[in-house]
Amino acid sequence: MSARGKARRRALDILFEAELRDEDPLKILGERVERREPPVNEYTSAIVEGVARHARRIDELITTYAEGWTLERMPAVDRNLLRGGTYELLWMPDVPEGVVISEWVHLASELSTDESPQFINGLLARFKQLKPSLTL
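Calculation notes
Residues numbered from 1 in each chain as written. Predicted model: local features only at pLDDT ≥ 70, side-chain atom pairs only at ≥ 80, totals over all residues. Heavy atoms only, no water. UniProt positions renumbered as here; feature names shortened; annotations may be inferred. Salt bridge = Lys/Arg side-chain N within 4 Å of Asp/Glu carboxyl O. Helix = DSSP H or I, 4+ residues; strand = E, 2+ residues; numbered from the N terminus. Buried < 20%, exposed > 50% of the residue type's maximum accessible area, 1.4 Å probe, protein only. Axes fitted to C-alpha atoms, helices over the stretch in contact; angles between N-to-C directions. Parallel < 35°, antiparallel > 145°, perpendicular 65-115°, else oblique. Left-handed = near helix turned anticlockwise from the far one by under 90°. Contact = heavy atoms within 4.5 Å. Nonpolar A, V, L, I, M, F, W, Y, C, P; charged D, E, K, R; others polar.

As annotated in an unreviewed UniProt entry, the chain carries the name Transcription antitermination protein NusB and comes from Nonomuraea africana. Entered under Sequence similarities (unreviewed entry) in the UniProt record, the comment concerning the chain runs "Belongs to the NusB family." Taken from UniProt, the Function (unreviewed entry) comment for the chain reads in full: "Involved in transcription antitermination. Required for transcription of ribosomal RNA (rRNA) genes. Binds specifically to the boxA antiterminator sequence of the ribosomal RNA (rrn) operons."

Further remarks concern the pattern of salt bridges. For the coordinates displayed, the defined rule picks out 16 salt bridges. Between arginine 10 and aspartate 13 there is a salt bridge, with its nearest N and O atoms 3.9 Å apart. With arginine 10 and aspartate 13 both in helix 1 (residues 3-21) and 3 residues apart, this pair spans about one turn of that helix. Classification of aspartate 13 by relative accessible area gives partly exposed; the value is 34%. Between glutamate 97 and lysine 131 there is a salt bridge whose closest N-O contact spans 3.3 Å.

With that settled, the discussion passes to the UniProt feature "domain: NusB/RsmB/TIM44" (unreviewed entry) in the chain. Taking the numbering used here, the UniProt-annotated feature "domain: NusB/RsmB/TIM44" (unreviewed entry) corresponds to residues 6-128. Along residues 6-128 one finds 76% helix and 0% strand; the C-alpha atoms at either end are 23 Å apart.

Turning our attention to unusual backbone geometry. With glycine set apart, most residues show a phi of negative sign, and most peptide bonds adopt trans. One non-glycine residue, aspartate 22, lies in the positive phi region at around 55 degrees. Within the secondary structure, aspartate 22 sits in the loop between helix 1 and helix 2 (25-35). Residue classification places aspartate 22 among the exposed residues on the basis of a relative accessible area of 72%.

Attention now moves to the packing of helix 5 (residues 76-91) against helix 7 (residues 116-130). For the pair helix 5 and helix 7, interaxial distance at closest approach is 10 Å and the crossing angle is 30 degrees. The orientation of helix 5 with respect to helix 7, classified from their angle, is roughly parallel. Handedness of the helix 5/helix 7 crossing: right-handed. Of helix 7, the residues touching helix 5 (which contributes Asp78, Leu81, Leu82, Gly85, Thr86, Leu89 and Leu90) are Ser116, Phe119, Ile120, Leu123, Leu124, Phe127 and Lys128. When its residues are assigned to classes, the contact of helix 5 with helix 7 shows 9 nonpolar, 3 polar and 2 charged.

Next comes the structure, spelled out in structure tokens:
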């Protein structure tokens, strides 16, 4: 797994933990950075901070375009995969869009249900297609 792949997975871990604990992801991030075990790199921090900063808009986009699924009905891991992937896809232009989608789909295949990779792929691909017209 690439360094950024590991950073994405660590960001997902932090976002998922924050949701389960009903805590601010920035608080969990701060705890992990302070503890340094395992180390949190800058890319992980950028994803978590970005998701926290744009949380309302990210959840609005997911809710709008996830056909047949409410945010609350999705598995928690899928919600957070989509949050991380949506942030990286829409607000981090230095990473190729195809790489972003591929990496988050890969995490879904490792960590979620059998249907999740296709679901994550479809929604992130839709955001890629709509990106020029989305108001961020």
